[in-house]
Amino acid sequence: MKKLLLITLLSLTLALSLFADVNLPRSAVQTGVEDIKVGGAGAGNCSIIYYNLCSGWIWLYSGFAAGDEVGVIFDLVGDCGKLPGAIICNTQGFWYWRFTSPKRGFTVSYNLFEADSIGCKVGASLGSLANSDPVERWNLLPGLGCVSGNMAVISATFDAGTLPYLGTDDNESNAAGGPNCLGIGAGTGNSVYYGRPSRTQYCPPLYFSDGIGPVDFMMDASWYSITATEDASWGDVKSLFK
């Protein structure tokens, strides 16, 4: 009986952690931004965008501290058609920030990781862009590297905290957004919070949500797939996108 109770409690704890969300201050903002369409046409290319801006409203999250790490989990098989044995490379991306303060030390560091089936980071960073000083609204990111697994994470760490603010789509406004939003539901929990090394790190990560369900960061990423029969270095892949 005690063993059964322990198993039940462990299962409940895991379920709660899988569906826990981030509790941070946020505000709704009407904006004229449009989706950034990244990537090019041609075999092996794909762009992955999880957010939806049909209502013209977004959430802005604040209250981050130094070391806080957020990320977008990419399903490279389901959303990019990655084949068994293929290597897939991140070639560029865009990330949306508000209330930036250039040259004041409020930088962000980006990293690429492989991920497991529940969104935990696996292994060391496969590529990074350290201490990037964000500008207001869309920021172009260079390609960060390649992964061989089926899931990947592009994360952003607040080097100083406080600023900048993080933008997501707004399910609550989308639900009342009129004909442009018909059939649009909540996100799938791809935008997450990994915590910070000096306090708590989460695995599985926590997702961001509003009153309807998960919300998605305004972040886009382009990918290029190399099949098992191709022989290409990361330098060769980067040269395709100059």
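The model shown is predicted, which means the values in this text are computed figures rather than measured ones.

Remarks on the packing of aromatic side chains
In total, this model carries 14 aromatic pairs according to the counting rule given. Seen in terms of ring centroids, Phe64 and Phe158 are 4.3 Å apart; in terms of plane orientation they differ by 10°. Their pairing is stacked. A residue pair is termed long-range when its members are at least 10 positions apart, and Phe64 in the loop between strand S3 (57–61) and strand S4 (69–75) and Phe158 in strand S9 (residues 151–158) qualify at 94 residues. For the pair formed by Phe64 and Phe158, the shared burial category is buried. Each ring, one from Phe208 and one from Phe217, has its centre 5.0 Å from the other, and the planes form 75°; the classification is edge-to-face.

Points about the state of the cysteines
Each disulfide is one covalent bond, formed between the sulfur atoms of two cysteines. Counted according to the given criterion, the structure contains four disulfides. One disulfide in the model links Cys46 with Cys80; its S-S distance is 1.8 Å. Here the S-S torsion is close to -105°, and the disulfide linking Cys46 with Cys80 is therefore left-handed. Remark: Cys80 occurs in the loop between S4 and strand S5 (87–98) and Cys46 occurs in strand S2 (residues 45–49); sequence separation between them is 34 residues. Judged by relative accessible area, Cys80 falls into the buried class, the value being 17%. With its disulfide-bonded cysteines labelled consecutively along the sequence, the protein chain is connected as 1-3, 2-7, 4-6, 5-8.

Regarding the pairing of S5
The buried fraction of S5 is high, at ten of twelve residues. Sheet analysis places S5 next to strand S13 (residues 219–226), joined by eight bridges and oriented antiparallel. Pairing of Gln92 across the sheet is with Ser222, part of S13. Alignment of S5 against strand S8 (residues 137–147), held across nine bridges, turns out to be antiparallel. By the bridge assignment for S8, Tyr96 is matched with Trp138. Where S5 and strand S10 (residues 165–169) come together, two bridges link them in antiparallel fashion.

Here we look at the pattern of salt bridges
A complete count under the given rule lists three salt bridges for this structure. The salt bridge partner of Glu69 is Lys121, with a shortest N-O separation of 2.6 Å. Taken together, the residues span a long stretch of sequence, with Glu69 in strand S4 and Lys121 in strand S7 (residues 121–132) at a distance of 52 residues. Among the residues examined, Glu69 registers a relative accessible area of 10% and is labelled buried. You can call Lys121 partly exposed: its relative accessible area is 27%. Of the charged contacts in the structure, one is a salt bridge between Arg98 and Glu136, with a shortest N-O distance of 2.8 Å. Residue Arg98 is found in strand S5, and its partner Glu136 is found in the loop between S7 and S8; the two are separated by 38 residues along the sequence. Residue classification places Arg98 among the buried residues on the basis of a relative accessible area of 12%. Take Glu136: its relative accessible area is 35%, and that puts it in the partly exposed class.

Structural notes on unusual backbone geometry
Here the bond from Leu163 into Pro164 is cis, since omega is -5°, no more than 30 degrees from zero. Within the secondary structure layout, Pro164 lies in the loop between S9 and S10. Omega for the bond connecting Cys203 with Pro204 falls within 30 degrees of zero, at 0°, which places this linkage in the cis form. Among the structural elements, Pro204 can be located in strand S12 (residues 201–207). The backbone of Asn131 shows a phi angle near 50°, a positive value even though the residue is not glycine. Counting through the fold element by element, Asn131 comes out in strand S7. For Asn131, a relative accessible area of 52% translates into the label exposed.

What counts, and where the lines are drawn
- The residue count restarts for each chain, going from 1 along the sequence in the order it is written.
- Only residues with pLDDT of at least 70 are given local features in this predicted model, and only at 80 or more are side-chain atom pairs given and counted; all residues enter the totals for whole chains, interfaces and linings.
- The basis for the side-chain values is all heavy atoms of the structure; hydrogens and waters are excluded.
- Here is the rule: rings of Phe, Tyr and Trp (six-membered ring for Trp) pair when centre to centre is within 6.5 Å. Planes less than 30 degrees apart are stacked, more than 60 are edge-to-face, and the remainder are tilted.
- Every helix listed is a DSSP run of H or I at least four residues long, and every strand listed is a run of E at least two residues long, numbered separately from the N terminus.
- Per-residue accessibility, obtained with a 1.4 Å probe over protein chains only, is compared with the maximum for each type, and a residue is labelled buried under 20%, exposed over 50%, and partly exposed between these values.
- Disulfides are defined as cysteine sulfur pairs within 2.5 Å.
- Whether two strands pair comes down to DSSP finding at least two bridges between them.
- What counts as a salt bridge is simple: a side-chain nitrogen of Lys or Arg found within 4 Å of a carboxyl oxygen of Asp or Glu.

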